Amino acid sequence: MTNRKSLKLRNLYFERLMAIIATVNLCLVLFNLSYIPWRDFYWRRLPQITRIYDPIKGIESHRETKNYLETVNSLEEQVSQTGLQSPEVKTKLEDLDRLSTEIIDSNPFAAIDKSGTLEKIKNRMRDRTRQESAKTAFATFWSQAYLTQNGWVSEINFFNQKIRPLIATNYYRAIGENGEFIDEFWLIDLPFVILFGVELLARSFYLQRRHPSFSWLNAILWRWYDLFLLLPFWRWLRIIPVLIRLDQARILNLQPLRQQINQGIVANFAEELTEIVVIRVINQIQGSIQRGELTRWLSQQENLRPYIDINNINEVEAIAGIFVQTIVYQVLPKIQPDIVAILHHNIATAFHQVPVYRNLQNLPGVGEAATQFSEQLATQIATNLYNALVSAVEDPVGAKLSGQLVQHFSEALGAEVQNKHVLSEIQSLLFDFLEEVKLNYVQRLSQEDIDQILEQTRQIKTQASVQPLVDRGAALSQTRKM
């Protein structure tokens, strides 16, 4: 027992280790997927990350925008050395005006889907210089007259704070021979893929040893979700095996989530299944009626499919016998006073309708005697009827005669029902009735609160699992008392 517990503990530690490694790999995958959309954030807040990860994604500084910012830096140095009105500064400003026009025309931001950044730059320059044209706005901004009038320091600070960061976010991403952007993430992912591949092969080998009937394919598919860890594409699907592993390693408890998913699937499936099964059964009954099987059943033809009897007992007759005995021995004795009262009332009513009896009522003592006579007569009739029923049940001859009566009744009824007019009308009514059932009740069945049914099922399972514990606790308590 101790060795088994130790083995289970080692297996649990191994599962947790592999689950943590898979989680780390998933985090790297998600970071890789988010790097391009969030690069601006990383560049502003975590520049160290961009310096490390830009080469992996094939990202380089864009020559146009880099040259533009270097020209602005050169302008700042020139102004600090010779002043704003020097010929060298004028030359630098003319270069910036030309470069601004080239950037607007060529749009170096478009290759990486950042044209919106260029539009933001143009809008800010228009607002700053109060110009409607972006090219005019840049030409106005990079002029000695404008910078002198509005102040060199304030304007270059505006550029460095509002314009430079937007231009600096632009970059060039290299394209490989396959026509796709270069992405070297596979080099980071490859060790994880090799590890998970070796683990899957080892698990499959172990399963095949334990279950010789398993093929290699069956052994691999036993842990089908681990295949997502090996795919070089759609890497975001690795969230599936990671969640499963974390649950198996008891790091996360996904039981509530699993119950909700199962409940949703079962609810949808149950609704569809209810309609399909009920409609299919009704359609089969309607088909049987249309094929005339009702007629053949009533005529008791031999070509019908043979009836399968599992216990050599006619269940209908047995049930009828139970009902008859229950009524005769249990029900009738309890209601005999009511039967006597009804008979007494009917006999008294019949006597009162006879003129001679009404005249005798006027004689002293006759009325009371007549009442006693009617009561005795009603009691005697009820008793005789009850005894006759008991005799019919207990007497073999009476039982045989009763059976013959039922048989002749069913034969006579079947013969009359087989009348073409009656049978046709019954078939038509049955077919229409079943059609109405489909239209009126099947939809109601499918619209029933499946969630409530599932909750009731869950409560039943919970009670079933708790009851043995309660019984065990009661037994232990009883043992302690003894």
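Residues numbered from 1 in each chain as written. Predicted model: local features only at pLDDT ≥ 70, side-chain atom pairs only at ≥ 80, totals over all residues. Heavy atoms only, no water.

This brings us to a positive patch on the surface. Residues Arg44, Arg45, Lys120, Arg124 and Lys162 make up a contiguous surface patch of positive charge. If you list the elements that add at least two residues to the positive patch, you get helix 2 (39–45) and helix 6 (115–129). Tracing the chain through its elements places Lys120 in helix 6. (Patch = residues over 30% accessible without salt bridge, like charges linked within 9 Å, V, L, I, M, F, W, Y side chains within 5 Å. Areas by Shrake-Rupley, 256 points an atom, 1.4 Å probe, with all protein chains shown as cover. Salt bridge = Lys/Arg side-chain N within 4 Å of Asp/Glu carboxyl O. Lys, Arg positive; Asp, Glu negative; His and termini not counted. Charge placed at Lys NZ, Arg CZ, Asp CG, Glu CD. Helix = DSSP H or I, 4+ residues; strand = E, 2+ residues; numbered from the N terminus.)

For the structure on display, the rule yields 16 salt bridges. Between Arg238 and Asp189 there is a salt bridge, and its shortest N-O distance comes to 2.7 Å. Of this pair, Arg238 sits in the loop between helix 11 (216–221) and helix 12 (239–248) while Asp189 is found in helix 10 (residues 185–210), placing the two residues 49 residues apart along the sequence. Among the residues examined, Arg238 registers a relative accessible area of 0% and is labelled buried. Take Asp189: its relative accessible area is 2%, and that puts it in the buried class. By sharing partners, the salt bridges in this structure join Glu15, Glu199, Arg203, Arg223, Asp226 and Arg245 into a single network. (Buried < 20%, exposed > 50% of the residue type's maximum accessible area, 1.4 Å probe, protein only.)

A few words now on the UniProt feature "transmembrane region" (unreviewed entry) in the protein chain. The residues that UniProt annotates with the feature "transmembrane region" (unreviewed entry) are residues 12–36, 185–202 and 214–237. For residues 185–202, the helix share is 100%, the strand share is 0%, and the end-to-end C-alpha distance is 26 Å. (UniProt positions renumbered as here; feature names shortened; annotations may be inferred.)

Our next topic: the packing of aromatic side chains. For the structure on display, the rule yields 15 aromatic pairs. Ring geometry for Phe31 versus Tyr53: centroids 4.9 Å apart, planes at 75 degrees, classification edge-to-face. One end of the pair, Phe31, is in helix 1 (residues 2–35); the other, Tyr53, is in helix 3 (residues 47–53), and 22 residues separate them in sequence. Under the relative-accessibility criterion, Tyr53 is labelled buried at 7%. Positioned above the aromatic ring of Phe158, the side-chain terminus of Arg128 is 4.4 Å from the ring centre. (Phe/Tyr/Trp six-rings, centres within 6.5 Å; stacked < 30°, edge-to-face > 60°. Lys NZ or Arg CZ within 6 Å of the ring centre and 35° of its normal.)

This paragraph deals with helix 12. Taken residue by residue, helix 12 has Pro241, Val242, Arg245, Leu246 and Asp247 as its buried positions. Arg250, located one to two residues past helix 12, shows a positive phi value of around 65 degrees.

Tyr68, Leu75, Trp142 and Phe159 are the most contacted members of the largest nonpolar core, which totals 30 residues. Among the secondary structure elements, those contributing two or more residues to this core are helix 4 (63–82), helix 5 (87–106), helix 6, helix 7 (134–141), helix 8 (144–150) and helix 9 (152–168). Of all the elements, helix 9 adds the most residues to this core, at seven residues. Apart from residues lying up to four places away in sequence, Trp142 is in contact with Tyr68, Val72, Leu75, Leu93, Leu96, Asp97, Ser100 and Phe159. (Core = buried A, V, L, I, M, F, W, Y, C linked by side-chain atoms within 4.5 Å. Contact = heavy atoms within 4.5 Å.)

Let's shift gears to a nonpolar patch on the surface. Together, Ile20, Val24, Leu217, Leu221, Trp224, Leu227, Ile239, Ile240, Leu243, Ile251 and Leu252 make up a nonpolar patch on the protein surface, roughly 900 Å² of accessible area in all. Contributions of two or more residues to the nonpolar patch are made by helix 1, helix 11 and helix 12. Residue contributions to the nonpolar patch peak at three residues, all from helix 12. Along the chain, Val24 falls in helix 1. Looking at Val24, the relative accessible area reads 41%, which means it is partly exposed.

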